[in-house]
Amino acid sequence: MLDCAIIGGGPAGLTAGLYTTRGGLENVTMFEKGMPGGQITNSSEIENYPGATGEITGMELMNPWPEQCQRFGLIHKMSNVTRVSKSGDVFTIYNEDGSTDQAYSVIIGTGSSPRRVGFKGEDELFGKGVSTCATCDGFFYKGKEVAVIGGGDTALEEALYLAKICSKVYIIHRRDTFRSAPNTIKRIENTDNIELVLDSTPDEVYGDKMGVTGIRVKNKNGEMRDIIVPGVFTFVGNDVNNETLKQDDGSFLCEMNDQGQVIVDITMKTSVPGLFATGDMRISAPKQVISAAGDGAVAALQAISYMDELLN
């Protein structure tokens, strides 16, 4: 029986693991199907994490976290959790391999996944020129022209990364202004090999058996333009990874909002005692590493208090 099961190994889950184990809970296991670190490990440049000065990637930022957590006894179980249920005071964690684990408390931080835009050809050419990860796939377009779709922080930051290795980057955005930090926007405007394609939406990405050869965009006046590129990167938000909380009857273990985000209070408590939700999957999540880590710390302290009341 686990004192606490942590589902998800991003900044929230790792911080929860550090605080629960260092705070006195025993038998704490973090369930993460891959290497810990989370979605931030795909980021090419981190400028807004306190103490991280100079040029640092998301991978470099997260590398020390698992080792620090495991020093205090956190166990990493490389498993894909398919479902969490609760009966009485005990949670059951169902693993993809058919095994189960039981715990008195659960901290969940399964994050979110990049959202598809929905234009013609996107699914058919995904992985063949259409990508959601510039740091993963940007190298393949070194010295070539690429297109970036989106207007938020992630889209602009990844466009800046691509501009360093690609001959030209087209930023396609449906509005005429960006939803990003002023400093980031200024850097975009001052980068010579970035062309802004504003008030425009992607109509179709097309290609041949070798992959993407171009993308057709439509502006607000209905005019079409073909942009000849072998690579298209999409950054238009994320969908919440809440499948783990779905029950056999289709309902969810705890209360959600209309967007599928977990409803929590300021202490990360859900509507189910002993279940805490953190990071990108909770309501009003800022979707920043530092806030996810803060969620993990708060949830861990609440889990410790919950266990004290439950067992004493």
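Preceding this paragraph is the structure being described.
Scope of this entry: the structure provided in the associated data block. (Residues numbered from 1 in each chain as written. Predicted model: local features only at pLDDT ≥ 70, side-chain atom pairs only at ≥ 80, totals over all residues. Heavy atoms only, no water.)

**Things to note about the packing of helix α5 (residues 153-165) against helix α6 (residues 182-189)**
Step number 1: Their axes nearest at 10 Å, the elements α5 and α6 cross at an angle of 35°. In this structure, α5 crosses over α6, and the sense of that crossing is left-handed. Across the interface between the two elements, Leu156, Glu157, Ala159 and Leu160 from α5 touch Thr184, Ile185, Arg187 and Ile188 from α6.
Step number 2: Residue composition of the contact of α5 with α6, grouped by class: 5 nonpolar, 1 polar and 2 charged. (Axes fitted to C-alpha atoms, helices over the stretch in contact; angles between N-to-C directions. Helix = DSSP H or I, 4+ residues; strand = E, 2+ residues; numbered from the N terminus. Left-handed = near helix turned anticlockwise from the far one by under 90°. Contact = heavy atoms within 4.5 Å. Nonpolar A, V, L, I, M, F, W, Y, C, P; charged D, E, K, R; others polar.)

**Section: the nonpolar core**
Step number 1: In this structure, Ile93, Ile107, Leu245 and Leu275 are the most contacted members of the largest nonpolar core, which totals 50 residues.
Step number 2: Here this core gets 8 residues from one element, more than from any other, and that element is helix α7 (residues 289-311).
Step number 3: Those residues in contact with Ile93, other than ones at most four positions away along the chain, are Ala5, Ile7, Phe31, Val81, Arg83, Val84, Ser99, Thr100, Asp101, Ala103 and Val106.
Step number 4: Judged by nonpolar contacts, the second largest core, of 19 residues, contains Leu160, Cys166, Ile171 and Phe178. (Core = buried A, V, L, I, M, F, W, Y, C linked by side-chain atoms within 4.5 Å. Buried < 20%, exposed > 50% of the residue type's maximum accessible area, 1.4 Å probe, protein only.)

**Considerations on the sheet that holds strand β11 (residues 194-197)**
Step number 1: One open sheet accounts for 5 strands, arranged β8-β15-β9-β10-β11; its pairing is parallel. Unpaired on one side and paired on the other, β8 (130-131) and β11 mark the two borders of the sheet.
Step number 2: Note that strand β9 (residues 145-149) and strand β10 (residues 168-172) share 5 bridges and pair parallel. Looking at β10, one finds that Val148 is bridged to Ile171. (Pairing = 2+ DSSP bridges.)

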